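Here is what each chain is made of, one letter per residue.
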Amino acid sequence: VSAGIGRVTGHGLMDGMRKYYPHRLVYALTASLVIANVINLAADIGAMGAALQLLIGGPALIYAAGFALLSLVLQVFIPFTRYAPFLKLLTLSLFAYVATVMVIDVPWLAVLKSLVLPPIRWDAQYAVGLVALLGTTISPYLFCWQAAQEVEEMTSSKRRKPLRRAPKQAPSALRRIGIDTTVGMIFSNLIAFFIILTAAVVLHAHGKVDIQTSAQAAEALRPLAGDLAFALFAAGIIGTGLLAVPVLAGATAYAAAGAFGQRSGLEYKPQNARLFYTVLIVASLAGIALNLTPLDPIKALYWSAVINGVTAVPLMIVMMLMGSRRKVMGKFTLPWPLKIFGWLATGVMATAAVVMFATW
């Protein structure tokens, strides 16, 4: 839905919302997204530094700042289309988590049983955990990034145009979006499953339930699963961090610039999109600065995921309404299957948030 809105209209998500919905709503959604993203950034930046320290020794904070500054320099000074292929290559690092599972002893019968009949508790802690899980899977920053990337690709290509202006491009464009999104979400959720499985089998089953950093999680794997599992998991943290940081910082900048009706895009030079690059730089530096505080990265990630789970609901509602309006999408309004599953997903997210607040 988010990619379709970007490809059809030629505008980012918040920019499009600003044209058709109250500005106060757009500002509120943007503010909550920015807060969650900066916390996410801080945790990812710190995790990369700590993981590299585990692998080679040395100062974790210096490593963390180095990774963040490298990502920032690439985004500010190099056109996105030049280094995007390297980010796509980094997705291969995700398979480190699959490899980790392959080198540990997994009770697969128990895993299959829990997948079919998961234990459910009717209490506030479980409800909050469910919202966090949904919020880290269906995250608002992903919507902003997905729509913005469709716009970026049109900006950098002379052939691609918004589908409202070039309807003949629709069949191939919408087919590509469908394949791209489906493959991406299948693999990302599969990787998430393997991460959860590793934590359950190696950490939780051995009583290690108070992990405060992802580096601690990697270190805890060493005595229980061996050096290979430890090294794979630590390398995976670095690879996924390098992949996530530009997406989080970029999505934050896209959302803020769009909310205020300012030009946005990584293909622009900084002087031509000042608010966009200002937010990009400030968000990245704030992520580094938070690592100088006694911030608990795991708790920070957890509560930013909860914020995402709540923020996603009104954002999804507005997206579904936008995607269904001819005034916005022309003849490319959402097809019925996408409407049904889109509203179903929105309903599930809303129900989880309501239950969380009701049981808190």
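Up top you'll find the structure we're talking about.
Residues numbered from 1 in each chain as written. Predicted model: local features only at pLDDT ≥ 70, side-chain atom pairs only at ≥ 80, totals over all residues. Heavy atoms only, no water.

Draft legend 1. Main features of the overall build of the chain. If you tally the helices and strands in the chain, you get 16 helices and zero strands. A compact globule built from 360 residues should have a C-alpha radius of gyration of about 21 Å, and the chain, at 21 Å, falls within 12% of that. Across its three principal directions, the C-alpha atoms of the chain cover 60 × 45 × 35 Å. Per-residue burial for the chain yields a buried fraction of 45% across its 360 residues. Total accessible area on the chain is roughly 18000 Å²; 69% of this is exposed by carbon and sulfur atoms. Across the chain, the centroid of the 28 positively charged side chains sits 19 Å from that of the 13 negatively charged ones. (Helix = DSSP H or I, 4+ residues; strand = E, 2+ residues; numbered from the N terminus. Rg over C-alpha atoms; globule rule 2.2 N^0.38 Å. Buried < 20%, exposed > 50% of the residue type's maximum accessible area, 1.4 Å probe, protein only. Areas by Shrake-Rupley, 256 points an atom, 1.4 Å probe, with all protein chains shown as cover. Lys, Arg positive; Asp, Glu negative; His and termini not counted. Charge placed at Lys NZ, Arg CZ, Asp CG, Glu CD.)

Draft legend 2. Inspection of the packing of helix H8 (residues 124-137) against helix H16 (residues 336-359) at higher detail. One way to put it is that H8 packs onto H16 with a least axis distance of 8 Å and a crossing angle of 150°. Put simply, H8 runs roughly antiparallel to H16. In this structure, H8 meets H16 at a crossing whose hand is left-handed. Across the interface between the two elements, Ala124, Ala127, Val128, Leu130, Val131 and Leu134 of H8 pack against Val348, Met349, Ala352, Ala353, Val355, Met356 and Thr359 of H16. In terms of residue class, the contact of H8 with H16 is made up of twelve nonpolar, one polar and no charged. (Axes fitted to C-alpha atoms, helices over the stretch in contact; angles between N-to-C directions. Parallel < 35°, antiparallel > 145°, perpendicular 65-115°, else oblique. Left-handed = near helix turned anticlockwise from the far one by under 90°. Contact = heavy atoms within 4.5 Å. Nonpolar A, V, L, I, M, F, W, Y, C, P; charged D, E, K, R; others polar.)

Draft legend 3. Inspection of the pattern of salt bridges at higher detail. One pass over the full model with this rule turns up three salt bridges. For Arg176, the salt bridge identified is with Glu150, shortest N-O distance 2.8 Å. On the criterion of sequence distance, the pair formed by Arg176 in helix H10 (residues 170-203) and Glu150 in helix H9 (residues 140-155) is long-range, its members being 26 residues apart. With a closest N to O distance of 2.5 Å, Glu153 and Arg160 form a salt bridge. A residue is classified by how much of its surface remains accessible, and Glu153, at 28% relative accessible area, is partly exposed. (Salt bridge = Lys/Arg side-chain N within 4 Å of Asp/Glu carboxyl O.)

Draft legend 4. Broad picture of the nonpolar core. Met14, Met17, Leu266, Phe276 and Leu280 are the most contacted members of the largest nonpolar core, which totals 100 residues. Per-element accounting of this core gives the leading share, 18 residues, to helix H12 (residues 227-259). Setting aside anything within four residues of it in sequence, one finds Met17 in contact with Val26, Leu29, Leu315, Val318, Met319 and Met322. (Core = buried A, V, L, I, M, F, W, Y, C linked by side-chain atoms within 4.5 Å.)

Draft legend 5. Up close: the packing of aromatic side chains. Going through the model one piece at a time under the given rule, you end up with eight aromatic pairs. Judged by centre distance (6.0 Å) and plane angle (65°), the rings of Trp145 and Tyr254 are edge-to-face. Here Trp145 is found in helix H9, whereas its partner Tyr254 is found in helix H12, with 109 residues between them in sequence. This pair shows no difference in class: Trp145 is buried, exactly as Tyr254 is. Pairing Phe276 with Tyr277 gives two aromatic rings, centres 5.1 Å apart and planes at 90°, and the pair type is edge-to-face. In this structure Phe276 comes out as buried when scored by relative accessible area, which is 0%. In textbook terms, an aromatic cluster arises when at least three aromatic residues are bridged by ring pairs, as seen for Trp145, Tyr254, Phe276 and Tyr277. Sitting over the face of the ring of Trp336, Lys339 holds its NZ or CZ atom 4.5 Å from the ring centroid. (Phe/Tyr/Trp six-rings, centres within 6.5 Å; stacked < 30°, edge-to-face > 60°. Lys NZ or Arg CZ within 6 Å of the ring centre and 35° of its normal.)

Draft legend 6. Quick look at helix H5 (residues 80-90). Of the residues making up H5, those classed as buried are Phe80, Tyr83, Ala84 and Leu87. The arc enclosing the buried residues of H5, seen along the axis, measures out at 130°, which places them on a common side. Along H5, exposed side chains directed more than 90 degrees from the buried face belong to Arg82, Phe86, Lys88 and Leu89. Where H5 is buried, its residues meet helix H4 (60-77), H9 and H12. (Arc of directions from axis to C-beta.)

Draft legend 7. Highlighting helix H13 (residues 274-290). With 17 residues, H13 should cover 24 Å at 1.5 Å per step; its first-to-last C-alpha distance of 24 Å lies within 8% of that length. Turning to H13, its buried residues number three or more, namely Phe276, Tyr277, Val279, Leu280, Ala283, Ser284, Gly287 and Ile288. (Expected span 1.5 Å × (residues − 1).)

Draft legend 8. Structural view of the packing of H4 against H13. Close contact between H4 and H13 brings their axes to 10 Å; oriented N to C, the two are set at 175°. With respect to their mutual orientation, H4 and H13 come out roughly antiparallel. Counting all contacts with H4, which are made through Ala65, Ala68, Leu69, Leu72, Gln75 and Val76, the residues of H13 involved are Tyr277, Leu280, Ile281, Ser284, Leu285 and Ile288.

Draft legend 9. How the structure looks around a nonpolar patch on the surface. On the surface, a nonpolar cluster with roughly 770 Å² of combined accessible area is contributed by Leu89, Leu92, Phe95, Ile179, Val183, Ile186, Phe187 and Leu190. Ranked by residue count, the leading element in the nonpolar patch is H10, at five residues. Relative to the elements of secondary structure, Leu92 occurs in the loop between H5 and helix H6 (95-102). On the accessibility criterion, Leu92 (53% relative accessible area) is exposed. (Patch = residues over 30% accessible without salt bridge, like charges linked within 9 Å, V, L, I, M, F, W, Y side chains within 5 Å.)

Draft legend 10. Expanded view of the environment of Leu190. Among the secondary structure elements, Leu190 is positioned in helix H10. Judged by its relative accessible area of 40%, Leu190 is partly exposed. Separated by 32 residues in the primary sequence, Leu190 and Lys158 have C-alpha atoms spaced 36 Å apart.

Draft legend 11. Spatial organisation of the environment of Gly330. Mapped onto the fold, Gly330 is located in the loop between helix H15 (326-329) and H16. A sequence separation of 321 residues divides Gly330 from Thr9, and the C-alpha atoms of the two residues are 8.8 Å apart.

Nothing here speaks to function; it is geometry throughout.
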